[in-house]
Structure formats: structure tokens, C-alpha cells
Amino acid sequence: MNHVTVIGSINLDTTLRVQHMPKPGETIHAKEHFTAGGGKGANQAVAAKRSDAETYFIGAVGNDAAGSMMTDLLSQEGIDISGVVTLDRKSTGQAFITVDDEGENSITIFSGANNDITPSQAQSFKAVIEKSDFIIAQFESAINSTIEAFKIAREANVRTILNPAPALKDVPSELLAVTDMIVPNETETEILTGIKVVDDQSLEKAANYFHDLGIEAVLITLGSKGAFYHVNGHSGIVPAYRVKAVDTTAAGDTFIGALSSVLTKDFSNLEEAIRYGNRASSLTVQRFGAQPSIPFKQELI
Ligand code: ATP
Ligand code: RIB
């Protein structure tokens, strides 16, 4: 069983289901409204745990109702949340999500407490990071703390997985220097590399851009097309499952969390792990909401 630590965001998600996305200046009626657990970090932790990884979380919430609701959800999953701090005078992160009838979404986030995870918090969780197989991070929380956590991991031979989402134009080179695997989607790949991925050649080129920065494994998720990998001289696309998507929120998070639960530290079973991640996220996209849509291992085997 893999041990997975996630450092990152916890959000209360508020979703509105609409027929079509509102245009600028337009007011429309939503046909449904619901709230659920979300945040890229928390979703990835839930996906890892539901696939039976021993999962630890480093994060921050505000001292408010949303914070206690979100941390209760994570501990009910069996995730170790001793690395989550509750901050006075801060609000818990929130995401406002609109999903249309095509399953497309648009998301606005308010980071709140997620921006206040500190490097010393990562330091005080050193022992847990060191006993992990993988540590995963995203870009919805304080980046200096992620750098600190990844440095601790690198020293201890723990594999680091960076999901550069939402995309940042300038990623600190200090972080990339301690990243073993990067997992962007197509848009994030273009923002980070300047290369629009449209075919095998551009995928290869983008992968080499990341390898030149010292990153060993590159995984580019391609939505309904699946995922491209490039590692240690091997590359290919593992196709997605053909399903009818109603809401793709947390598809990428499910993919990464599920993958981390089965991946070996030498990445030798990457193709098989991607197939597992594809299967997990193909279920997520057929359900509404972030955490409520993430499947359990029993549904996947
Ligand atoms: P999101 O931001 O919506 O959580 P993402 O943009 O980070 O997702 P995607 O590349 O869209 O990531 O999707 C991640 C994985 O989810 C894909 O590699 C694929 O396995 C699965 N997936 C996404 N969309 C679909 C779909 N329409 N049908 C089947 N599988 C899908
Ligand atoms: O990746 C999906 C997540 O992005 C949502 O749960 C929302 O909180 C936003 O952070």
C-alpha cells in the first residue's frame, strides 16, 4: 500500500448547473445548486485514499463553519489531517463552479487560508513526508511551503509529483529542480512551455521542455483523449474510457490521486497506473461535484 502525502488546497465548492455559460453582462437562471467538498489538494487526497493509499494532508482552513465541514469530510474519509491548521481571522478557501449542459465548467476560486500554509508547517510534518512514497502538490496554495515540502521529500528519496494547476506563467526554478513528475493538462502545458499540444510531435516537444528542466517523468492529461506519458525513453498515449461526461470537475484530481495509489516509485508501471487513473476519472466525469464524484477502489477493480 502506498503512503501518499498531499500538500495543498481545501475548498468549499458551490456549484451551479446551467443550460449554457452566461455571457459577460448576461443574467441566467441555474437549474440546480449544491455545495460539496473540493479543492485540488483535498480532491487528490480523497482519490488516493479511496484507492486505499495511506494518505496524509498538509493544509489550512479558516476558523469558520466551512473549515470544520471540510476537515470533518477529510477525516471521515480516513485521511490523516494532523497537518491541517485552523487559522483565526482567515476564511476557508472557496470555489464557485458553473457547469453547463455539455459538462463544461468554469471555476473562480477564493484562496483564503490556502495561501497561509507555511514552510514551518511543512517542516513540522517532516517525519510524515519522509515515510511517504509520494508527495503531491498543486498551485492553489502557498508555493514557498510546497518548495519546502518537496525539498524534504527529495532529501529522503520520496517521489515528488507536481500538478501545476491552475497554471502559473513563472514557476520558481527552485520548485522544478525538486520535481520528479509533472502532470499538467493541455492548457497548463501551453502556458508553461509556450507549446500548443496538438499532435505527437508537439507532445514530445513539450515533454522534452520539462525534461530539460531536470524533471524525470512527464504526464500530460488530454481530457477525453486520455493521457500522454514520457519517461526514461518511453512514451505513448493511454486512451481514456469512452463515457458520457456530465461534469468534469475533479477529473484531473481523481486521475492524479488514483494514479499515486498504484504507481511504483521507479515509475516502471506508469502505463498501468495511467490506465487505473483513466478508469477512476472516467467515473468522476459521469457524476456531479468534486469529492462526491470520486470513485472507490471497489468500483475500479
Ligand atoms: P479538471 O480540471 O476538469 O479536473 P483537468 O483539465 O486537470 O481536469 P483532464 O485532462 O481534462 O484534466 O482530465 C484528466 C483525466 O480525466 C483524463 O486524462 C481522462 O483520463 C479523464 N477524463 C477527462 N475528461 C474525460 C471524458 N470526457 N471522458 C473520459 N475521461 C475523461
Ligand atoms: O480541480 C477541481 C477543483 O478546483 C474544485 O474542487 C475546486 O475547488 C477548484 O479548486
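Our subject is the structure listed above.
Summarised in this report is the structure supplied together with it. Everything quoted here is computed from the prediction, not taken from an experiment.

**Considerations on helix 2 (residues 65-76)**
Across its 12 residues, helix 2 extends 16 Å between first and last C-alpha, which sits within 8% of the 16 Å expected from 1.5 Å per residue. Those residues of helix 2 that fall on the buried side of the exposure criterion are Ala 66, Gly 67, Met 70, Thr 71 and Leu 74. Down the axis of helix 2, the sector holding all buried residues measures 120 degrees, keeping them to one side. The outward face of helix 2, more than 90 degrees from its buried face, is lined by the exposed residues Ala 65 and Gln 76. Residues of helix 2 that are buried sit in contact with strand 2 (11-17), strand 3 (32-38), helix 1 (40-50), strand 4 (54-62) and strand 5 (80-87). Just past helix 2, the residue Gly 78 takes up positive phi, approximately 95 degrees.

**A word on the site of ligand 2**
Within the structure, ligand 2 sits among 13 residues, and Asp 13, Gly 39, Lys 40, Glu 140 and Asp 253 are positioned closest to it. The side chain of Asn 11 places a nitrogen or oxygen atom 3.1 Å from an oxygen atom of ligand 2. A distance of 2.8 Å separates an oxygen atom of ligand 2 from a polar side-chain atom of Lys 40. Judged by its atoms lying within 2 Å of the grid points, ligand 2 is housed in the largest pocket. If you list the elements that add at least two residues to the shell around ligand 2, you get strand 2 and helix 1.

Conventions we followed
Residues numbered from 1 in each chain as written. Chains lettered and ligands numbered in written order. Predicted model: local features only at pLDDT ≥ 70, side-chain atom pairs only at ≥ 80, totals over all residues. Heavy atoms only, no water. Helix = DSSP H or I, 4+ residues; strand = E, 2+ residues; numbered from the N terminus. Expected span 1.5 Å × (residues − 1). Buried < 20%, exposed > 50% of the residue type's maximum accessible area, 1.4 Å probe, protein only. Arc of directions from axis to C-beta. Contact = heavy atoms within 4.5 Å. Near = heavy atom within 4 Å. Polar contact = N/O pair within 3.5 Å; in protein donor to acceptor, adjacent residues only side chain to side chain. 1 Å grid on protein atoms, 1.4 Å probe; cavity = no way out; pocket = protein on both sides within 12 Å on 5 of 7 lines; lining within 4 Å. Sits in = over half its atoms within 2 Å of the grid points.

Scope: geometric values only; no functional claims are made or implied.
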